[in-house]
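The primary structure of each chain is shown beneath.
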Amino acid sequence: MGERVRRVREARTEPANDVGAELMQRVARGDEPAFEKLYDLLVGPVFGLVRRIVRDPAQSEEVVQEVMVELWRSAARYSPERGSATTWAMTLAHRRAVDRVRSAQAATDRDETVGRRDIGRPFDEVAEQVTTRLEQEQVRRCLRTLTDLQRESVLLAYYGGRTYREVGELLGTPLGTIKTRLRDGLIRLRDCLGVA
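Residues numbered from 1 in each chain as written. Predicted model: local features only at pLDDT ≥ 70, side-chain atom pairs only at ≥ 80, totals over all residues. Heavy atoms only, no water.

Enquirer: Any chance you could break down the packing of aromatic side chains for me, citing the residues and the numbers?
Expert: Throughout the structure, instances matching the rule amount to three aromatic pairs. Centre to centre, the rings of Phe-35 and Trp-72 are 5.2 Å apart; their planes meet at 70°, and the pair counts as edge-to-face. Of this pair, Phe-35 sits in helix 3 (residues 32-54) while Trp-72 sits in helix 4 (residues 57-73), placing them 37 residues apart in sequence. For Phe-35, a relative accessible area of 17% translates into the label buried. Centre to centre, the rings of Tyr-78 and Trp-88 are 5.6 Å apart; their planes meet at 45°, and the pair counts as tilted. Here the residue Tyr-78 occupies a position in the loop between helix 4 and helix 5 (85-120), and Trp-88 occupies one in helix 5, the gap between them amounting to 10 residues. The same class applies to Tyr-78 as to Trp-88, namely buried. The structure contains a cluster of three or more aromatic residues connected by ring pairs, namely Phe-35, Tyr-39 and Trp-72. (Phe/Tyr/Trp six-rings, centres within 6.5 Å; stacked < 30°, edge-to-face > 60°. Helix = DSSP H or I, 4+ residues; strand = E, 2+ residues; numbered from the N terminus. Buried < 20%, exposed > 50% of the residue type's maximum accessible area, 1.4 Å probe, protein only.)

Enquirer: Can you tell me about a nonpolar patch on the surface, naming the residues and giving the values?
Expert: On the surface, Leu-155, Tyr-158, Tyr-159, Tyr-164 and Leu-186 cluster together to form a nonpolar patch covering roughly 470 Å² of accessible area. Sort the elements by how many residues they give to the nonpolar patch and helix 7 (residues 148-159) lands first, with three residues. Assignment of secondary structure puts Tyr-159 in helix 7. Under the relative-accessibility criterion, Tyr-159 is labelled exposed at 55%. (Patch = residues over 30% accessible without salt bridge, like charges linked within 9 Å, V, L, I, M, F, W, Y side chains within 5 Å. Areas by Shrake-Rupley, 256 points an atom, 1.4 Å probe, with all protein chains shown as cover. Salt bridge = Lys/Arg side-chain N within 4 Å of Asp/Glu carboxyl O.)

Right, here's the structure in full:
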């Protein structure tokens, strides 16, 4: 019985018996036909493993594609002494699949947390309207503290949607004067509204 176990262990660790090892070495040198053969050899087992972990067929296909691209890009890192190409590919596939499941679970957890937080604070439409009206009244009161020239310039520019140049043309006043009136008026509004 000991001889049989020894032969099984040797067969598992001997890289010459691994067709995938030779293909991986060729893929590491950029051999595309070798990658096609490697793909055909590994895609079935890789998809089966990923599908069992991820469960969603579309997500599984994406993970398999990522694994196969990683095999192509990192083929030079493969070492036949450390295991077969199939084992290496399955290890990569398992890691990617677990990462995908963890990522999906984290996203679900975030969505649930946000959903619970939003449920806890209902929107109060009446309070919002009251707050808006109070703010509007405060702005009106502060506008009344401006000089007539400042108020006219601010109203044309900020409520009328006109540019400083257009305000100057409408009032027949030089642009520099309009800018000064607006700056001074906005400073007074800021102070009146208590904006820091």
